[in-house]
Amino acid sequence: MNTAGLHSLIDELKQQNVQLIAISKTKPAELIREMYEAGQRVFGENRAQEMAGKHEELPTDIEWHMVGRLQSNKVKYIAPFVHLIHSVDSLKLLKEIDRQGARNNRIISCLLQVHIAKEETKAGLYENELKELLQSDDYRSFEFIAIRGLMGMATFTNDENIMRQEFSELSNMFSSIKNDFFKEDLKFKEISMGMSSDYKIAIEEGSTMVRIGTMIFGARN
Ligand SMILES: *Cc1c(COP(=O)(O)O)cnc(C)c1O
């Protein structure tokens, strides 16, 4: 995507109050720098060490978002700088993020990833697991975690109705979790859903953050 294309995408999203997370996984730092020079400041990666390397190499005012499955033993690589972890799917992982937050003396913002797709392989918590987590004593004891909302991925399909239904399910879950656990918390406000192929539908169903890779950077190998 050229600069003009990126600008029109950013404008399109801005008008709808949706934040663009440019997913730069597997792409070299030079390509990210081009998008940075075109004005983009928010990038997403799915591997901790790759993100840490790019963070070292690129301007310090980039906001780095972790969107891929994160192993507990990798949290340490990104804890000093990560802006938002979208892919928190277990209490174990949250515990380690809290521990690393304490070590770095910073509160780490997270989204809880929920399972909305028909495919079993897709990561994420089911609604009952999500509620259990939020009710646990461990969760209540965390001091270095701020939950900002939910993230989800729709089934890989061409059927628009299925995507729409899954995104709508995530939106409804967000409202219900907000009401039950975060009523007074103004910072619990993000619904991260939508990728290159389905972001328009996700926005229609209430997305506040879209994670777009291929459309910006081209296909990955
Ligand atoms: C790779 C990835 C994306 C971006 O997908 P595109 O189809 O390239 O836009 C979004 N979200 C997650 C979790 C990803 O791993």
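One can find the structure itself at the top, above this paragraph.
All values derive from a computational prediction rather than experimental measurement.

(A) Here's a closer look at the site of the ligand. Inspection of the region around the ligand gives Ile23, Lys25, Val67, Met153, Met195, Ser196, Arg211, Ile212, Gly213, Thr214 and Arg220 as its neighbouring residues. In the environment of the ligand, an oxygen atom lies 2.8 Å from a nitrogen or oxygen atom belonging to the backbone of glycine 213. Measuring from an oxygen atom of the ligand, one finds a side-chain N or O atom of threonine 214 at 2.5 Å. Taking 380 Å² as the accessible area of the ligand by itself, protein coverage stands at 90%. The pocket occupied by the ligand, as judged from atoms lying within 2 Å of grid points, is the largest pocket. A breakdown of the residues in the shell around the ligand according to their chemical character gives 5 nonpolar, 3 polar and 3 charged.

(B) Spatial organisation of the layout of surface pockets. Taken as a whole, the largest pocket spans an internal volume of roughly 630 Å³. Along its surface, the largest pocket is lined by 27 residues, and Lys25, Lys122, Met153, Met195 and Arg211 are the ones closest to its centre. The residue inventory of the lining of the largest pocket, partitioned by class, reads 10 nonpolar, 11 polar and 6 charged.

(C) Looking closely at a negative patch on the surface. On the surface, a cluster of negative charge is made up of Glu30, Glu34, Glu37 and Glu57. With 3 residues, the single largest contributor to the negative patch is helix H2 (residues 29-37). Of note, glutamate 57 is situated in helix H3 (residues 48-57). By relative accessible area, glutamate 57 is classed as partly exposed at 48%.

(D) Molecular detail of the packing of helix H6 (residues 127-135) against helix H8 (residues 160-181). Direction vectors running N to C along H6 and H8 enclose 20 degrees, while the axes themselves pass 12 Å from each other. Considering their axes alone, H6 and H8 lie roughly parallel with respect to each other. Crossing of H6 against H8: the hand is right-handed. Contacts between H6 and H8 involve Glu127, Leu130, Lys131, Leu134 and Gln135 on the former and, on the latter, Met173, Ser176, Ile177, Asp180 and Phe181.

Basis of the calculations
- Residues numbered from 1 in each chain as written.
- Predicted model: local features only at pLDDT ≥ 70, side-chain atom pairs only at ≥ 80, totals over all residues.
- Heavy atoms only, no water.
- Near = heavy atom within 4 Å.
- Polar contact = N/O pair within 3.5 Å; in protein donor to acceptor, adjacent residues only side chain to side chain.
- Areas by Shrake-Rupley, 256 points an atom, 1.4 Å probe, with all protein chains shown as cover.
- 1 Å grid on protein atoms, 1.4 Å probe; cavity = no way out; pocket = protein on both sides within 12 Å on 5 of 7 lines; lining within 4 Å.
- Sits in = over half its atoms within 2 Å of the grid points.
- Nonpolar A, V, L, I, M, F, W, Y, C, P; charged D, E, K, R; others polar.
- Points joined across faces, edges and corners; volume = space filled by probe spheres on them.
- Patch = residues over 30% accessible without salt bridge, like charges linked within 9 Å, V, L, I, M, F, W, Y side chains within 5 Å.
- Salt bridge = Lys/Arg side-chain N within 4 Å of Asp/Glu carboxyl O.
- Lys, Arg positive; Asp, Glu negative; His and termini not counted.
- Charge placed at Lys NZ, Arg CZ, Asp CG, Glu CD.
- Helix = DSSP H or I, 4+ residues; strand = E, 2+ residues; numbered from the N terminus.
- Buried < 20%, exposed > 50% of the residue type's maximum accessible area, 1.4 Å probe, protein only.
- Axes fitted to C-alpha atoms, helices over the stretch in contact; angles between N-to-C directions.
- Parallel < 35°, antiparallel > 145°, perpendicular 65-115°, else oblique.
- Left-handed = near helix turned anticlockwise from the far one by under 90°.
- Contact = heavy atoms within 4.5 Å.

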